[in-house]
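# Remarks on the overall topology
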Amino acid sequence: MEERRRELPELITDRLVLRAPRESDVDAIFAACQDEEIQRWTVVPVPYRREDAEYFVRTLAPEGLADGSEFVWCVVERGTGRLVGTQAVVRFAADPNTASVGWWTASEQRGRGYTVEAARAVARWALTDLGLRRLQWLAYVGNDGSRAVAERVGYRYEGTLRSYADQRGGFRDSWVASLLPSDLD
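Residues numbered from 1 in each chain as written. Predicted model: local features only at pLDDT ≥ 70, side-chain atom pairs only at ≥ 80, totals over all residues. Heavy atoms only, no water.

## What about helix H5 (residues 144-153)?
Counted only if it meets this: Buried residues are those whose accessible area, probed at 1.4 Å on protein chains only, stays under 20% of the maximum for their type, while exposed residues exceed 50% and partly exposed ones sit between those limits. By the criteria applied, helices consist of DSSP H or I runs no shorter than four residues and strands consist of E runs no shorter than two, each listed in order from the N terminus. Throughout, the arc means that of the directions going from the helix axis to the C-beta atoms. Here a residue-residue contact requires only that any non-hydrogen atoms of the pair lie within 4.5 Å.
When we look at burial in H5, the residues that qualify are Ser146, Val149, Ala150 and Val153. Looking straight down H5, one finds its buried side chains confined to an arc of 95°; they lie on one side. Turned more than 90 degrees away from the buried face of H5, the exposed residues are Asp144 and Arg152. Where the residues of H5 are buried, they touch strand S5 (95-105), helix H4 (114-129), strand S6 (134-140) and strand S8 (170-179). In the segment just after H5, Gly154 is the residue with positive phi, at about 115°.

## Here's the deal with the environment of Ala99
With respect to the secondary-structure elements, Ala99 resides in strand S5. Look at Ala99 and you get buried, because its relative accessible area is 0%. What Ala99 contacts, discounting residues up to four positions off in sequence, is Val89, Val90, Arg91, Phe92, Leu132, Arg134, Leu135 and Gln136.

## Points about the pairing of strand S2 (residues 16-19)
For the record, the criterion: Between any two strands, at least two bridges found by DSSP are needed for them to pair.
Side chains of S2 alternate between two faces, with Leu16 and Leu18 and Val17 and Arg19 buried alike. Of the pairings in the sheet, the one linking strand S1 (residues 11-12) to S2 comprises two bridges and is antiparallel in character. Bridge pairing in S2 places Leu11 opposite Leu18. Connecting S1 to the antiparallel partner S2 that follows it, the hairpin turn spans three residues. Two elements, S2 and strand S3 (residues 70-77), share four bridges in a ladder whose sense is antiparallel. Bridge assignment links Val17 to a residue of S3, and that residue is Val76.

## A closer look at the pattern of salt bridges
Filter applied, for reference: A pairing counts as a salt bridge when a side-chain nitrogen of Lys or Arg comes within 4 Å of a carboxyl oxygen of Asp or Glu.
In this structure the tally under the stated criterion is 15 salt bridges. Between Asp52 and Arg49 there is a salt bridge, with the nearest N and O atoms lying 3.2 Å from each other. Taking the relative accessible area as the measure of exposure, Asp52 reaches 13% and is therefore buried. Its relative accessible area of 45% is what places Arg49 among the partly exposed residues. Put simply, Glu23, Asp27, Arg50, Glu54 and Arg58 are held in one network by salt bridges that share partners.

## Focus on the pairing of S6
For the record, the criterion: A crossover counts as right-handed when, viewed with the strands pointing away from the observer, the path leading from the first strand over the helix to the second turns clockwise.
Along S6, six of the seven residues are buried, which leaves the element largely enclosed by surrounding structure. Sheet topology places S5 next to S6; four bridges connect them, and they run parallel. Residue Val101 lies in a different strand from S6, and its bridge partner there is Trp137. Each parallel crossover has a hand, and for S5 linked through H4 to S6 it is right-handed. As judged from the six bridges shared by S6 and S8, these two strands associate in the antiparallel manner. Looking at S8, one finds that Gln136 is bridged to Ser178.

## Regarding the sheet that holds S1
Inclusion rule: With axes taken as lines fitted to C-alpha atoms, and helix axes fitted only over the stretch in contact, angles between N-to-C directions fall between 0 and 180 degrees.
Pairing is mixed across the open sheet formed by eight strands, whose spatial order is S1-S2-S3-S4-S5-S6-S8-S7. Unpaired on one side and paired on the other, S1 and strand S7 (156-167) mark the two borders of the sheet. Strands S1, S2, S3, strand S4 (83-92), S5, S6 and S8 of the sheet are contacted by H4, whose axis makes an angle of about 30° with S4.

So, in structure tokens, the structure goes:
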């Protein structure tokens, strides 16, 4: 039996296109991930090298898509094609009907509502088209920017998990919130 190739759906909003990472995104991803805030609040390697951006585009995103465990989009402006950031949905191995979401935004693109717009599109796709029963947002305590995005999208805060999430070999306290299909407007 021939295996069917999985395609990442392109999601289009008023101002954005969410699409699969491309080779042409490597330089912009590399530049964006030099930002201290992205390094502080995510699990990107530090220092972030060009090889890390290449690995993200060539290996990490395609392999996650191929096995259905991870869906990663580059978020770009509709008119210019400039990179805004990334969005991801990562299924839980123990419960494939539940997934974690994550995002980062290039420093020069923050404060425009782009991440909220993209996160809404991803949540709607994951809870309707993918048919998930629960999306979970998790962020290190203190990541107020990510928390504001999650709240604006409609994620419901559930609490603080102590010494929960690994970041480069150390465990950090994390906020957790969820979004269910019934929460979509």
